[in-house]
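Residues per chain, in single letters:
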Amino acid sequence: MPKEYDVVVIGGGSTGTAVVRDCAMRGLKSLLIERDDIASATVGTCAGMISSGLKYMEEPHIVDMCSEEVVHFNRIARHLIMKNPILTPMLEMGDLSSGGSFAEEYSKRAASREVPPVLFLTPEDSLKIEPKINPNLIASMYFEEFFIDPFRLCILQAMDARSHGADIKTYCEVIEVTTRDGAVEEVVFFNRLTRQKERVTTKTVVNATGPWADKVARMAGADLEIRLNKGAHVVLDRRVVNVGIIAKAVDGRMIYLFPHENTVLLGTTALDTWEDPDTLVTEQDEIEYLLKSIEWVIPSIREARIVRTMEGVRPLVADWKKPEGKVTRGYELIDHERDGVGGLVSFTGGKLVMCRHMAEAATNLVCAKLGRESQCRTHIEPLPGNESDVDVVSLAREYGVSQHAVERLRARRGTNATKVLEMTREHPEWKTTICTCEPVIEAEIRYAIREEFPRTINDLRRRVRLGTGPCQGTFCTFKAAAVFAEELDLDGQEMRAEIVDFLAERWKGKRPPLRGEQVAQEEVVQGVYACVANLDQEYTNYELKPWEERD
Ligand SMILES: Cc1cc2nc3c(=O)[nH]c(=O)nc-3n(C[C@H](O)[C@H](O)[C@H](O)COP(=O)(O)OP(=O)(O)OC[C@H]3O[C@@H](n4cnc5c(N)ncnc54)[C@H](O)[C@@H]3O)c2cc1C
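Report follows, based on the coordinates. Since this is a predicted model, take the numbers as computed values, not measurements. (Residues numbered from 1 in each chain as written. Predicted model: local features only at pLDDT ≥ 70, side-chain atom pairs only at ≥ 80, totals over all residues. Heavy atoms only, no water.)

Scanning the protein chain from N- to C-terminus turns up 17 helices and 20 strands. For the protein chain, whose C-alpha radius of gyration is 23 Å, the value lies close to the compact-globule estimate of 24 Å for 551 residues. Projected onto its principal axes, the C-alpha positions of the protein chain cover 70 × 55 × 50 Å. A buried classification covers 59% of the 551 residues belonging to the protein chain. Taking the contacts inside the protein chain whose residues are at least 6 apart along the sequence as the reference set, 71% of them involve residues at least 24 apart. Per element, the accessible surface of the protein chain, about 22400 Å² overall, is 51% carbon and sulfur. (Helix = DSSP H or I, 4+ residues; strand = E, 2+ residues; numbered from the N terminus. Rg over C-alpha atoms; globule rule 2.2 N^0.38 Å. Buried < 20%, exposed > 50% of the residue type's maximum accessible area, 1.4 Å probe, protein only. Contact = heavy atoms within 4.5 Å. Areas by Shrake-Rupley, 256 points an atom, 1.4 Å probe, with all protein chains shown as cover.)

As structure tokens, this is what we get:
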């Protein structure tokens with residue numbers, strides 16, 4: 001007999017993990033199905049800005065919603081949150097034109113988010129804060145925004161859902177949603193780990209598959225239109241700037257340069273696309289557009305090395321005949337009752353910052369459909385690790401681990417950092433640093449493998465940021481693979497396949513910007529892996545995922 005659920009949530013991005021958390025917390029028998037790993041698609045390519053939504057000043061209700069969500073995130077996930085100061089340098093009078101109304105709207109909502117109102121700075125003060133700015137500026141605007149680690153947010157939402165009784169299935173691709181008498185009945189999925197087809201029965205399905213939502217809706221015979229919009233980021237090898245920079249691009253759009261962990265993110269482009277979201281790559285034109293645009297305000301930008309690009313597809317509301325920047329950044333929750341498919345609801349639009357809000361709306365609808373009454377608590381109850389403050393200095397001293405490593409542990413795990421450090425009492429050798437860019441110690445890798453259901457080294461990357469720094473895994477992949485193999489009892493062949501898969505994933509982002517100094521860096525990487533274990537023959541010949549296979 002297929003297992004029966006109240007609700008099946010399809011998609012393990014920010015939206016799906018938030019929905020399954022809310023459903024499970026309200027006592028619904030819930031299942032999340034994700035075809036790859038948690039946070040492996042759009043959300044993993046985003047900048048992680050949980051902004052006050054001021055880019056969308058023409059939609060005041062969205063600005064209010066985003067501002068309120070920032071307050072909620074600061075309550076439930078403050079260990080995952082960073083506050084970044086941002087400067088908007090103005091090089092000519094035209095750059096000032098929209099600054100005034102932005103400042104007014106921002107400042108109105110500043111107190112509730114515990115940030116100062118917008119400040120206008122002189123060139124001298126601006127350069128004191130950020131010496132890399134073009135000295136010809138005439139003024140700058142200073143304000144503060146919050147950022148969240150999108151990978152950790154999704155993992156923690158999924159883990160919290162699991163601790164409230166939900167089942168989480170990764171590497172399972174939904175291939176059919178069957179209906180009977182005008183309502184959903186079964187969800188059929190291909191389990192890529194067992195290579196078996198499985199099915200479950202359910203009364204409600206939440207389609208949270210982002211840019212794939214139209215495909216999943218069609219499986220049930222429902223109609224859904226989305227406006228797919230590609231966005232690319234360039235990742236540079238160091239924190240080029242101390243603060244975030246927002247500036248006008250060559251076409252008048254706003255772009256940004258954000259300090260991001262130990263790199264900086266330059267983004268983003270916004271292009272309507274009709275390509276398959278699975279196969280998009282960043283084009284050279286996009287890289288040059290971003291560099292050329294930011295160069296006006298940060299003239300030395302090209303001195304930094306591009307380590308990779310990353311691209312995602314925004315699943316915008318199907319709002320046509322207007323430029324992308326005018327399309328609503330709100331979301332729509334579609335009840336497919338309208339198409340004669342009862343029990344199915346889909347999302348279009350939305351943002352990372354709205355994921356909790358979107359989940360609350362979907363769960364309210366699901367509860368109404370199931371005739372259940374239960375209040376949402378996702379804005380009150382902390383995510384795992386956010387229970388109390390962590391004293392990094394004392395922990396570093398107590399366990400003999402560097403303060404830097406403990407601080408990074410805290411930022412990923414909050415109070416659960418202690419559980420990782422506790423493992424080093426019995427195994428002091430697990431204090432060894434595996435990934436030096438981050439840094440990540442061996443105990444954290446073992447903890448993540450044991451507690452956070454990674455299936456591959458790539459999954460491990462999403463949990464601990466392994467291999468995401470300037471060296472892009474050159475010096476940590478082997479070491480991490482050895483730990484991974486030991487923990488999961490993999491044989492030599494399986495471990496080798498893991499390494500190849502991880503390097504191939506990194507290669508996808510490294511290939512588009514490959515020129516200049518980055519070519520030399522890549523030669524070193526190829527040399528390292530060619531000489532150890534003779535991986536040069538296999539480097540790009542990796543096994544395609546089912547949805548990457550081409551005829
Ligand atoms: C370049 C860029 C920058 C952005 N920056 C920001 C930002 O700074 N702040 C912000 O708030 N928002 C930002 N966004 C928007 C934000 O990233 C997205 O709105 C949000 O992450 C979408 O999350 P999601 O869960 O809906 O989609 P996704 O993360 O794409 O998740 C959908 C999941 O569904 C799975 N799936 C698909 N088909 C199936 C199937 N058949 N069976 C099982 N699973 C399936 C996919 O594998 C995927 O994991 C940005 C977007 C882009 C592209």
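Around the ligand sit 36 residues, and of these Thr15, Glu34, Thr42, Val43 and Met49 come closest. Contact between the ligand and glutamate 34: an oxygen atom at 2.7 Å from a side-chain N or O atom of the residue. The separation between a nitrogen atom of the ligand and a polar main-chain atom of valine 174 is 3.0 Å. When the ligand sits alone it has 1000 Å² of accessible area, and the protein chains cover 96% of it. Only α1 (14-25), β8 (172-180), β11 (226-236) and β16 (306-317) provide two or more residues apiece to the shell around the ligand. When its residues are assigned to classes, the shell around the ligand shows 16 nonpolar, 15 polar and 5 charged. (Near = heavy atom within 4 Å. Polar contact = N/O pair within 3.5 Å; in protein donor to acceptor, adjacent residues only side chain to side chain. Nonpolar A, V, L, I, M, F, W, Y, C, P; charged D, E, K, R; others polar.)

Counting residues in each nonpolar core, the largest one holds 70 residues, and the members touching the most others are Ile38, Ile148 and Val206. Counting residues in hydrophobic clusters, the runner-up holds 27 residues, among them Ile133, Val234, Leu257 and Ile298. (Core = buried A, V, L, I, M, F, W, Y, C linked by side-chain atoms within 4.5 Å.)

Let us now look at the pattern of salt bridges. One pass over the full model with this rule turns up 52 salt bridges. For the salt bridge of glutamate 145 with arginine 113, the shortest nitrogen-to-oxygen distance reads 3.6 Å. Note that glutamate 145 is positioned in strand β6 (residues 139-148) and arginine 113 in the loop between α4 (99-110) and β5 (119-121), a separation of 32 residues in sequence. Comparing glutamate 145 with arginine 113, the two get one shared label, buried. A cluster of three or more residues bridged by salt bridges with shared partners is formed by Arg152, Glu261, Arg408, Arg412, Arg413, Glu438, Glu444, Glu452 and Arg465. (Salt bridge = Lys/Arg side-chain N within 4 Å of Asp/Glu carboxyl O.)

Let's shift gears to the packing of aromatic side chains. Within this structure, the stated rule accounts for 6 aromatic pairs. Through a chain of ring-to-ring contacts, three or more aromatic side chains come together here, namely Phe102, Tyr106 and Phe143. Positioned above the aromatic ring of tyrosine 5, the side-chain terminus of lysine 29 is 5.6 Å from the ring centre. The residue whose ring lies beneath arginine 35 is tryptophan 212, and the NZ or CZ to ring-centre distance is 4.4 Å. (Phe/Tyr/Trp six-rings, centres within 6.5 Å; stacked < 30°, edge-to-face > 60°. Lys NZ or Arg CZ within 6 Å of the ring centre and 35° of its normal.)

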